[in-house]
Amino acid sequence: MDFGEKLMIKPGSSVKLADIDPSFHGDIRNKAAGKDALAEVLDEITPLQEKLYAEKKHALLIVLQGIDAAGKDGVCWHVIRAMNPQGTYVASFKQPTEIEKAHDFLWRVHQRTPAMGQVGVFNRSHYEDVLVARVHNLVPEHVWSKRYRQINHFEEFLSENGVSIVKFFLYISRDEQLDRFEKRLEDKERQWKISGSDYSERERWDEYIAAYEDMLSKCSTEHAPWYVLPANRKWFRNLAAANIIHQALVDMRIETPEPSVDLHEIYRKYHHAIRNG
C-alpha cells in the first residue's frame, strides 16, 4: 500500500471526516502482520536518520494533532524510537505562558523548529491556535480565521529553508475514545493520564470535528501536507506514520558526508603508529 497516497489530504480538497473510516487498515491482514511490517520500516528509518544527522543539510518536522486518546504519545513511543535521541526531540505546546502571550502565536513555535540535521516532533502544535482557541472562543473569529493563511506562509518559509514537514491528524471514533478512557480508568499504570477535561471536551466533539475539518482543508499544502491516520487500530496508526516518515526521509536524498580529514594521513600518523607502537 502507498500509505502517503492513500492517506494524504490533497491540497485544495474539502474534508469531511465522516467520509473517513477510523478503523481502516487497508490490505494489512491483522495486528501481527502490522507489527512485523512496522519492525521492517523502523529498521530502514534508523540509518536514514543517522545520515540526516551527519549531513546536516536538511531537517524534518513531524506534527502530531489528534482527538484526545488518539495516540500522539503512542506514535512517539512506537515510531520515533527508531531514531537516535541525538538529533531527535519532542516538543509539546500547552497553554501559553504570559511571555508567550505577549508575542504573536507563532513566536514560541518557531523557536522549537528543528535545526539542520535534526528531527523535531511537535506533540500538539501551532494548530492548537485554530482548534482550542476557536472552540473555546479564546480569541475572536476575525483573529483565528487569519491564522490558517499565516500558518501556511510559516510552513512554506520553513520548507524553503530546508525543513521537510509531515503532519499527522490521528483520527479515532467517539466510541473508541470512550473505550480508551475506560481502559485508562481501569489501569493503575495509566490512571495518571485521565483528567476531567477529557470528558468535558467530549461534549464539544462536533465543534472540534468542524475545526479539524477546516484545519485539514485549509492547511494541507504541497510543501506541508496533512495525512489523516485512521487510529482506531493502534498498530495500523503506527505503521502508517512510520511509512510516511520513511518516505519523507527517502525523498530528501540524503548522502553520507565525505570525511573532513585526510584519512590516509590519519592512518599514517595515528592508527599505524599505535598498531606498531
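Everything discussed here concerns the structure shown above.
Residues numbered from 1 in each chain as written. Predicted model: local features only at pLDDT ≥ 70, side-chain atom pairs only at ≥ 80, totals over all residues. Heavy atoms only, no water.

Draft legend 1. Region of the structure containing the overall build of the chain. When you go through the chain residue by residue, the secondary structure sums to 13 helices and five strands. Over its C-alpha atoms, taken along the principal directions, the chain stretches across nearly 75 × 45 × 40 Å. A separation threshold of at least 6 residues defines the contact pool for the chain, and within that pool the share at least 24 residues apart is 82%. Here the chain has roughly 15100 Å² of accessible surface; of this, 49% comes from carbon and sulfur atoms. Here the chain contributes 38 positively and 42 negatively charged side chains, and the mean placements of these two sets differ by 3 Å. (Helix = DSSP H or I, 4+ residues; strand = E, 2+ residues; numbered from the N terminus. Contact = heavy atoms within 4.5 Å. Areas by Shrake-Rupley, 256 points an atom, 1.4 Å probe, with all protein chains shown as cover. Lys, Arg positive; Asp, Glu negative; His and termini not counted. Charge placed at Lys NZ, Arg CZ, Asp CG, Glu CD.)

Draft legend 2. Just the pairing of strand β4 (residues 163–171), in detail. By the criterion of burial, β4 is predominantly enclosed, with eight of the nine residues buried. Inspection of the sheet shows strand β1 (residues 59–66) paired to β4 by eight bridges, in the parallel sense. For Leu-61, the partnering residue across the bridge sits in β4 and is Ile-165. Note that β4 and strand β5 (residues 226–230) share five bridges and pair parallel. Across the sheet, the residue bridging to Lys-167 is Trp-226, located in β5. (Buried < 20%, exposed > 50% of the residue type's maximum accessible area, 1.4 Å probe, protein only. Pairing = 2+ DSSP bridges.)

Draft legend 3. Expanded view of the packing of aromatic side chains. Per the stated rule, a full pass over the model turns up 11 aromatic pairs. Aromatic ring contacts, followed pair by pair, group Phe-3, Phe-24, Trp-235 and Phe-236 into a single cluster. Its guanidinium or amino end placed over the ring of Tyr-53, Lys-56 lies 3.8 Å from that ring's centre, counting from NZ or CZ. The cationic tip of Lys-218 hangs over the ring face of Tyr-148; the distance from NZ or CZ to the ring centre is 5.6 Å. (Phe/Tyr/Trp six-rings, centres within 6.5 Å; stacked < 30°, edge-to-face > 60°. Lys NZ or Arg CZ within 6 Å of the ring centre and 35° of its normal.)

Draft legend 4. Structural detail: helix α12 (residues 234–251). An ideal rise of 1.5 Å per residue puts 26 Å on 18 residues; α12 measures up with 26 Å between its terminal C-alpha atoms. α12 sits mainly inside the fold: 13 of its 18 residues count as buried. Of the residues trailing α12, Arg-253 is marked for its positive phi of about 55°. (Expected span 1.5 Å × (residues − 1).)

Draft legend 5. Focus on the nonpolar core. The biggest cluster of nonpolar side chains holds 83 residues, and the ones touching the most others in it are Ile-62, Phe-168, Phe-169 and Ile-245. For this core, the leading source of residues is α12, giving 10 residues. Every residue in contact with Phe-169, bar those within four places of it in the chain, is listed here: Leu-17, Gln-65, Gly-66, Ile-67, Tyr-212, Met-215, Leu-216, Trp-226, Tyr-227, Val-228 and Leu-229. (Core = buried A, V, L, I, M, F, W, Y, C linked by side-chain atoms within 4.5 Å.)

Draft legend 6. Looking closely at helix α9 (residues 174–186). Here α9 spans 19 Å end to end across 13 residues, near enough to the 18 Å set by a 1.5 Å rise per residue. Contact partners of the buried residues in α9: α10 (196–202), α11 (205–219) and α12.

Draft legend 7. Looking closely at the packing of helix α8 (residues 147–160) against α11. The interhelical angle for the contact between α8 and α11, taken along N-to-C directions, is 45°, at an axis separation of 10 Å. Between α8 and α11, the interaxial angle falls into the category oblique. In the crossing of α8 with α11, the sense of the turn from one axis to the other is right-handed. Taken together, the residues of α11 that come into contact with α8 (itself represented by Tyr-148, Asn-152 and Glu-155) are Asp-214, Met-215, Lys-218 and Cys-219. For the contact of α8 with α11, the per-class residue count stands at three nonpolar, one polar and three charged. (Axes fitted to C-alpha atoms, helices over the stretch in contact; angles between N-to-C directions. Parallel < 35°, antiparallel > 145°, perpendicular 65-115°, else oblique. Left-handed = near helix turned anticlockwise from the far one by under 90°. Nonpolar A, V, L, I, M, F, W, Y, C, P; charged D, E, K, R; others polar.)

Draft legend 8. Summary view of the sheet that holds β5. One open sheet holds the five strands; their spatial order is β2-β3-β1-β4-β5, and the pairing between them is parallel. Each having just a single partner strand, β2 (88–92) and β5 make up the two edges of the open sheet. For this sheet the average axis-to-axis angle between neighbouring strands, irrespective of direction, equals 20°. Where β2 and strand β3 (residues 119–123) come together, five bridges link them in parallel fashion. Residue Tyr-89 lies in a different strand from β3, and its bridge partner there is Gly-120. Against the sheet, α11 contacts β1, β4 and β5, and its axis sits at roughly 150° relative to β4. Against the sheet, α12 contacts β1, β4 and β5, and its axis sits at roughly 155° relative to β5.

Draft legend 9. Focus on a nonpolar patch on the surface. There is a patch of nonpolar side chains on the surface, built from Leu-178, Leu-185 and Tyr-199 and spanning about 240 Å² of accessible area. With respect to the helices and strands, the residue Leu-185 is situated in helix α9. Classification of Leu-185 as partly exposed rests on a relative accessible area of 45%. (Patch = residues over 30% accessible without salt bridge, like charges linked within 9 Å, V, L, I, M, F, W, Y side chains within 5 Å. Salt bridge = Lys/Arg side-chain N within 4 Å of Asp/Glu carboxyl O.)

Draft legend 10. Representation of the packing of helix α2 (residues 31–55) against α12 in the model. Packing of α2 against α12 leaves a shortest axis separation of 9 Å and a crossing angle of 30°. The angle between the axes of α2 and α12 places the two elements in the roughly parallel class. Every pair of crossing elements has a handedness; the one defined by α2 and α12 is left-handed. Residues Lys-31, Gly-34, Ala-37, Leu-38, Val-41, Leu-42, Glu-44, Ile-45, Leu-48, Gln-49 and Leu-52 of α2 touch α12, and the partners they reach there are Trp-235, Asn-238, Leu-239, Ala-242, Asn-243, Ile-245, His-246, Leu-249 and Val-250. Grouping the amino acids of the contact of α2 with α12 by side-chain chemistry returns 13 nonpolar, five polar and two charged.

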